[in-house]
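# Understanding the architecture of this molecule
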Amino acid sequence: MEEIKKLAQVHKILDFHVKKNPDNVSLSIDSISYTNSDILSKVLSFVGLLKKNEVKSGDRIAFLAKNSSEFIELMYASSILELVMVPINFRLAYEEVKFIIQDSGSKIIIFGEEFKELVEKLNADKTDLHISFGISELRNLLKSKSPGAFDVSLSVNKATKTPLFQMYTSGTTGNPKGALISQKGIMSLIANGMNNLGPFDPNAVNLVCMPLFHIAGSAWLFFGLASGCENILLVDINPEKILDIIENYNVATTLMVPAVIQMVVVAAEKKNKVFENVKNIVFGASPMAVDTLKRAQKIFPNSNFTHVYGMTETTGMFMSLDPSELKANRRLESCGKCFSNSEIKIVDAHNNEVPAKTIGEIICRTDQIMDGYFNREKANNEAIKDGWFYTGDAGYLDEEGYLFIRDRIKDLIITGGENVYPAEVENALMLQPSIIDCAVIGVSDPKWGEAVLALVIVNKDNFSEIEVRSSLRSQLAGFKIPKTFHVVDSLPRNAGGKITKHVLREKYAYLGK
């Protein structure tokens, strides 16, 4: 794979594999398979269609659909023409989608049929959209259009300053921001991450089940496409479907966020099934409870479990934990060390580097850092300083340089002058057999400033708050034990599987005093 590491543009990956193995299956979706040559033909037709619509370098093209082959085709076509692809979370409400369209200045939108009504409303509203293609219409157009004379191999392998993606962050406060993801960042991710996260055998099968509008899903797709293996793309997350694909297609590698792993584990336990073919499961985007990890290890006994850390602004993961640590039951909550292209520091509020085992803000320096937030000068100045990206995450390094994340800095609870990191409390709660899922937040308290509130989804047949409190006393300091337990039916999550704490703080503020 050394040849891949020398490439400067994403579409050159396709060019490389077409020349090397034109008839190899690169993608399967809904039981339909596409060879490298098939994808190239569709990409060149796509390029011709876009050129006919007079796009120019830097133009934004929005993509609003569930996982589909068109995401990959548009990505390669955008790379060739130096366009900027704007993937949109299809779970967003109309006003949220409209904001992204307006903020990005997207002129073209490609959409799944289930979003036709929303797009029609966008077209009637005041946006910069000029052209909209439903995926069904697009497929017919590309089928009837013979590939243009444009030869992808003639595109010079050179760096470009035009970003490939404008990916919008979840926006835990205020409106989301468009992170500009560069070709350089993606190729650096591939070059430095593949060896840590495989094995990516060209003859193996890789499952891409996370949504591609999210960096976790698209980054995992990048690895699979670069390796030349067969990538099975799941349209939407479904734990039973994931297990069926793993079993029937002999899947070797996949990435899932902890919330999805938990669903998959529950589904497998109900069927009393074990899957021995999987070699590596990568997880990240949010912490995974130790109990869930241990249950998953029983379901996938031959699999490595690789914890990664990263975010949209760093083009996904830039560090990982060696799976041998988890197998030896060491550092179960660590996300490891940096890839060779990255480095991190832990700093205090005054930007001073802190000693080992001291919690502070995680900052990183890597080739994968975004080019900045689109049209957000103030946010850029706050987030990127002297080449270092300030993550907003709180964590510490142990004596051997392994990173442990404690929480988002903004989620820190200060009660009676003591710092409480919700993730630590949540991990302890998830060890309780009667608790299915949980979130811990701070609410106003007249005596202590803030009080610890646990929102819990429980097994109502055996949940006892008295027993849970008793158990927690041996695991947590008294000030960390929730003052109040509140039983809920569900917890809100964003596309990356992270619980949206700001939503919970607003909704349950009334439980404070």
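Parameters and conventions
- Residues numbered from 1 in each chain as written.
- Predicted model: local features only at pLDDT ≥ 70, side-chain atom pairs only at ≥ 80, totals over all residues.
- Heavy atoms only, no water.
- Buried < 20%, exposed > 50% of the residue type's maximum accessible area, 1.4 Å probe, protein only.
- Helix = DSSP H or I, 4+ residues; strand = E, 2+ residues; numbered from the N terminus.
- Arc of directions from axis to C-beta.
- Contact = heavy atoms within 4.5 Å.
- Core = buried A, V, L, I, M, F, W, Y, C linked by side-chain atoms within 4.5 Å.
- Salt bridge = Lys/Arg side-chain N within 4 Å of Asp/Glu carboxyl O.
- Pairing = 2+ DSSP bridges.
- Axes fitted to C-alpha atoms, helices over the stretch in contact; angles between N-to-C directions.
- Polar contact = N/O pair within 3.5 Å; in protein donor to acceptor, adjacent residues only side chain to side chain.
- Parallel < 35°, antiparallel > 145°, perpendicular 65-115°, else oblique.
- Left-handed = near helix turned anticlockwise from the far one by under 90°.
- Lys, Arg positive; Asp, Glu negative; His and termini not counted.

A few words on helix H6 (residues 116–124). Residues of H6 that are buried include every one of Leu-118, Val-119 and Leu-122, and no others. The buried residues of H6 occupy an angular sector of 95° when projected down its axis, which confines them to one face. Exposed residues pointing more than 90 degrees away from the buried face of H6 are listed as Glu-117 and Ala-124. Summarising the contacts, the buried residues of H6 are in contact with strand E3 (60–64), helix H5 (94–104), strand E5 (108–111) and strand E6 (131–134).

Let us now look at the nonpolar core. One finds Leu-50, Met-75, Tyr-76, Phe-165 and Phe-300 to be the most contacted residues of the largest nonpolar core, which totals 123 residues. Counting residues per element, this core draws most heavily on helix H9 (residues 215–227), at 9 residues. When neighbours within four sequence positions are excluded, Leu-50 is seen to be in contact with Val-55, Ile-61, Leu-74, Ala-77, Leu-81, Leu-83 and Ile-108.

Counted according to the given criterion, the structure contains 23 salt bridges. Asp-15 is the partner of Lys-12 in a salt bridge, and the nearest nitrogen-oxygen pair spans 3.1 Å. Here the residue Lys-12 and the residue Asp-15 both occupy positions in helix H2 (residues 11–20), the gap between them amounting to 3 residues, near one helical turn. When its relative accessible area of 7% is taken as the criterion, Asp-15 is described as buried.

Along an α-helix, residues three or four apart share an orientation, since each turn contains 3.6 residues. Of all 10 residues in H2, 8 are buried; the element is thus mostly enclosed. Within H2, burial applies to His-11, Lys-12, Ile-13, Leu-14, Asp-15, Phe-16, His-17 and Val-18. Buried residues along H2 sit in contact with helix H1 (2–5), helix H3 (36–52), helix H4 (69–81), helix H8 (183–197) and H9.

Glancing now at the sheet that holds strand E25 (residues 484–487). Read across the sheet, 3 strands follow the order E23-E24-E25 without closing on themselves; strand pairing throughout is mixed. In this open sheet, the two edge strands, each paired with only one partner strand, are strand E23 (435–445) and E25. Taken pair by pair, the neighbouring strands of this sheet meet at an average axis angle of 25°, ignoring direction. Where strand E24 (residues 449–458) lies against E25, 4 bridges are found, and the strand directions are parallel. Following the sheet pairing, Ala-454 is matched in E25 by Phe-485. Lying on the sheet, helix H16 (residues 465–472) is in contact with E23 and E25; it crosses E25 at an angle near 135°.

With respect to the helices and strands, Asp-393 occurs in strand E19 (residues 388–397). We classify Asp-393 as buried; its relative accessible area is 9%. Setting aside chain neighbours within four positions, we find Asp-393 in contact with Tyr-309, Met-311, Gly-360, Glu-361, Ile-362, Asp-407, Arg-408 and Ile-409.

Moving on, we come to the environment of Glu-230. Positionally, Glu-230 belongs in strand E10 (residues 230–233). It is 8.6 Å that separates the C-alpha atoms of Glu-230 and Leu-207, two residues lying 23 residues apart in sequence. Setting aside residues up to four positions removed in sequence, Glu-230 forms contacts with Val-25, Ser-26, Ser-28, Pro-202, Ala-204, Val-205 and Asn-206. At 2.6 Å, the side chain of Glu-230 forms a polar contact with the side chain of Ser-28.

Between H3 and H4, the shortest axis-to-axis distance is 9 Å and the interhelical angle comes to 60°. On the basis of their axis angle, the class for H3 and H4 is oblique. Here the hand of the crossing between H3 and H4 comes out right-handed. Residues Ile-39, Lys-42, Val-43, Phe-46, Val-47, Leu-50 and Lys-51 of H3 lie in contact with H4, whose contacting residues are Ser-69, Glu-70, Glu-73, Leu-74, Tyr-76, Ala-77, Ile-80 and Leu-81.

What follows covers the side chain of Arg-60. Tracing the backbone through its elements, the reader meets Arg-60 in strand E3. Notably, Arg-60 is buried but unbridged: the nearest opposite-charge side chain belongs to Asp-59, and the N-O separation is 7.0 Å. At 2.7 Å, the side chain of Arg-60 forms a polar contact with the backbone oxygen of Gly-58. Ignoring anything within four residues of it in the chain, the contact list for Arg-60 reads Val-84, Val-86, Ser-104, Gly-105, Ser-106, Lys-107, Ile-108, Pro-163, Gln-166, Leu-180 and Phe-374.

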